[in-house]
Amino acid sequence: MSTQHREYEQEQHKLDETVAMIDAEITQLREDIREATDDYVKQVVNYNKAKDLRYLEDHGREKPYFGRVDFMKDEVYELDKVYIGKRGIVRSDTFDSVVVDWRAPIASLYYSGESKDAFYRMGREIVRGEVTLKRNFAIENGKITGIYDGAVKETINREMGDPDDFLQEGFIDEFLAANLNQANDSRLKDIVATIQSEQNDIIRAEKDKPLVVQGVAGSGKTTIALHRLSYLIYNYQDTMMSKKFMVFAPNRMFLAYISEVLPELGVDDVQQATFVDWAARLVKPLLPKGWRIVSPDKPLQLFFEESQDERQQEIARNRLRFKGSLDCRIALEGYIDYVIEKKIPFKKLSFQYNKTKQVFSISGDFIRQSFMEHFSNMPYHRRLDALRKHLKQEMNKQLFSHLREKKIDLDKTGLAKFEKMLEQILDTYLTSFPRLETFAAYREMISSEELLRKLVPEEVSDATIRDIVESSTTLLAEERIEAEDIAPLLYLHHLIEGMNKAEHFDHTVVDEAQDLSALEVAVIALATKRHSLTIVGDIAQGIHSYRGIHAWEELTQGIFTEHRPSYYTLSQSYRSTIEIMKCANEVLRLIQLPETVLAKPVLRQGEIPVLVTPASRSELYKGIARRVEEFTAEGFKTIAIVTKTIGASKKVFKSLQESIPEMTLLSSKDNQFPGGVTVMPAYLTKGLQFDVVFIVDVDLYQDNEWDAKLLYVAMTRPVHRLVLTHLQGSEMPLLRELPPELYQSEAN
Ligand SMILES: Nc1ncnc2c1ncn2[C@@H]1O[C@H](COP(=O)(O)OP(=O)(O)OP(=O)(O)O)[C@@H](O)[C@H]1O
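Residues numbered from 1 in each chain as written. Predicted model: local features only at pLDDT ≥ 70, side-chain atom pairs only at ≥ 80, totals over all residues.

A. Local environment of the site of the ligand. Taken together, 24 residues form the shell around the ligand, and within it A217, G220, K221, T223 and Y574 come nearest. Listed by contribution, the elements that provide at least two residues to the shell around the ligand are α5 (174-180) and α7 (221-235). A class-by-class count of the residues in the shell around the ligand yields six nonpolar, 14 polar and four charged. Of the domains in this structure, domain 1 (2-182) and domain 3 (602-747) are the two that each give at least three residues to the shell around the ligand. (Near = placed C-beta within 6 Å. Helix = DSSP H or I, 4+ residues; strand = E, 2+ residues; numbered from the N terminus. Nonpolar A, V, L, I, M, F, W, Y, C, P; charged D, E, K, R; others polar. Domains from an automatic or database assignment.)

Shown next as structure tokens:
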């Protein structure tokens, strides 16, 4: 890197030319939009021009591009030098493309890197050739401060297992390293300049196919899912609207946190919600008047906060897991079959044509067969409507053939009378087909041990069914449903009525998907057009024993059976330093979860994590306050003090409030991410990142899968520094095997 680069002069000249062209463009655009107009078309044009102007003024002029790729197209042998930026810039006089948008098809070459055998897709066409150069620029205020060539090898050699191996090899994309090392505010940002090849594949994956991405902590899942939205809207604006994009994330604060990066990516009007907030709106009209939905945090408290009776926890776990499971989906589908089998008599349909006294009939078997075979893909009520139409056609057929035989011609009045008669007969006949009401149907299913036994697969034990039914009945008796009832209710509603297509999403991102149940994902898929879903998560960060997806096969094989999803894994982690990731990986290593891939940090070194062991609580608080002051003085902007429970967060907050007055206490009710110094329970740190993280009382995390995952989540949040604390004399079950060289012990 550096200004010594042999092509520095040429590149600076090129940049100067580009900036001069942008200046001319800015002057022109300002002129163009000055004039007020009543003409609607002109207003739209001006609106778009104003947007372009804003971009050029705010970003484009300062840093029009970040990279260059040289491409020699096969058979043409003309070298294309393509400069790539956050937005495309076109000269409005000549319509020449000066800077290519990172989302444009040709820009894909930049992300896949130098290769003799390169290609990109242009619609259906594949353009082949050779990428002879990939170059990155660091630009500040119109001046090139760094040129990085050939940052093409993968960030590290991914074949190598242990971080130490690649430390020695020193494989690193220098440009990426420079970007990652920028300290200070660790809020989410766009990464268009440094998207890695495997991330690029996900961003540009086929539009109408579910994508499932398993990525280690800090591998950029959230970031690339949002970049994918930006990519989709750029390339498919004729068929997709960003207003119809949906992002699901685990809590409102997280949504606020990610929404900060959306305007940068040009997709600021996407819908965002937690699953419960979105789904509760749909489910409320299905509930009887006055019924309430219990807070989704209630089970969290049962499992993390209070030392509840183990049997109570087991009952809750059996019930909650069932309600999100594929077994529950089988039961709901089975319920409709049960209604058809047990509640519909499929009697013979007979009617008489009074004039000739001719009696016609349609056999019960014929009706049953039509209902079972022809309309089985439809929601139950639509099936009834379709059957009615079908029976009417059949009746018409029989009668008109009789009339023809008897040479009877019906006049208009005769026809109308006849039509009325058919409708009356069908009304009466179809009364024996019960209309279903979603909530009553669900209640019937979930409140009967006998019925549920018939509907769920044999593997579900009788004892589990008893737990589900008894505890659900108690809850329902209080006129309440819980968050876990929402997905089954909506799924059943879909089986009975179908989903309202007008509200379907053009594309849906599900972030932290491991925390949703398979049935919740199934409901989201029903609300998304053409299976255009990006589902990202990390099984190692699934912190709930009572809910969530425990293996991606639940989705890839259980939910998307007809529309095979593409499955990607990301094992490179970009967030934390090597020292922090090594420590965090030890926690996962200790509990030895099957199929867990340990994160490989990019080559970014920092300070070794600190383990503080104060003699008393007051010493602990003093130590934290002192360190917070030091970190702030060092320039770190986001500092999180993380406890295991919300109860502990409140205590820590109270004790530190005086010494750190600007600190904020966060709970799941918060819908803003304030930055600065924050105190929060570990489960709330999901998906977020901070410059510095304190984990208070690491000794409280027990040696079990769920506590280990919770601690892992907390340990993988810092970008720069990690401080662990425990009081003198306490055991640390999950860090007992932590090699001493991985951390530095300090008394306080
Ligand atoms: N290609 C990249 N270039 C630069 N930074 C990157 C890149 N990929 C990811 N990052 C950075 O890594 C950090 C982690 O990204 P992100 O939060 O999207 O990861 P995640 O996989 O969703 O993490 P987690 O599962 O731990 O919540 C962010 O600061 C992001 O900007």
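B. Spatial organisation of the pairing of strand β4 (residues 97-101). Where strand β2 (residues 79-85) and β4 come together, two bridges link them in parallel fashion. Directly across from G85, in β4, lies its bridge partner D101. Relative to β4, strand β3 (residues 89-90) runs antiparallel, the two being bridged by two bridges. Bridge pairing in β4 places V90 opposite S97. The turn joining β3 and β4, which pair antiparallel and follow one another in sequence, is formed by six residues; a positive phi near 60° is taken by F95. (Pairing = 2+ DSSP bridges.)

C. Quick peek at the packing of helix α14 (residues 380-405) against helix α15 (residues 412-430). Interhelical geometry of α14 versus α15 gives an angle of 135° and a closest axis separation of 11 Å. Overall, the two elements α14 and α15 adopt an arrangement that is oblique. Where α14 crosses over α15, the handedness of that crossing is right-handed. Counted together, L384, R388, L391, K392 and M395 of α14 and L422, L426 and L430 of α15 form the full contact between these two elements. In terms of residue class, the contact of α14 with α15 is made up of six nonpolar, no polar and two charged. (Axes fitted to C-alpha atoms, helices over the stretch in contact; angles between N-to-C directions. Parallel < 35°, antiparallel > 145°, perpendicular 65-115°, else oblique. Left-handed = near helix turned anticlockwise from the far one by under 90°. Contact = placed C-beta atoms within 7 Å.)

D. Up close: the sheet that holds strand β9 (residues 245-248). Strand order in the open sheet formed by six strands is β10-β9-β15-β16-β8-β17, and the pairing between neighbours is parallel. Edge positions in the sheet fall to β10 (271-273) and β17 (566-570), since each of these pairs with one other strand and no more. For this sheet, the mean inter-axis angle between neighbouring strands, taken without regard to orientation, is 15°. In the sheet, strand β15 (residues 507-510) pairs with strand β16 (residues 533-537) via three bridges, with the strands oriented parallel. When the sheet's bridge partners are listed, V510 is paired in β16 with I535.

E. Layout of the sheet that holds strand β23 (residues 677-681). The seven strands lie next to each other as β22-β23-β21-β24-β25-β20-β26, forming an open sheet whose pairing is parallel. Taken across any chain shown, the strands that pair with only one partner, and hence form the sheet edges, are β22 (664-665) and β26 (744-746). In terms of strand pairing, strand β21 (residues 639-643) meets β23 through five bridges, oriented parallel. In the strand pairing of β23, A640 is matched with T678. This element, helix α24 (residues 646-656), spans β21, β22 and β23 of the sheet and lies at about 150° to β23.

F. Looking closely at the pairing of strand β12 (residues 349-353). Where β12 and strand β13 (residues 358-362) come together, five bridges link them in antiparallel fashion. What sits directly across from Q352, in β13, is V359. Hairpin connection of β12 to β13: four residues between the antiparallel strands, including K357 at a positive phi of 60°.

G. A look at the UniProt feature "binding site: ATP" (unreviewed entry) in the protein. According to UniProt, the positions carrying the feature "binding site: ATP" (unreviewed entry) are G215, V216, A217, G218, S219, G220, K221 and T222. You can see A217 is positioned in the loop between β8 (211-215) and α7. By the element assignment, S219 lies in the loop between β8 and α7. When neighbours within four sequence positions are excluded, S219 is seen to be in contact with L570, S571, Q572, S573 and Y574. (UniProt positions renumbered as here; feature names shortened; annotations may be inferred.)

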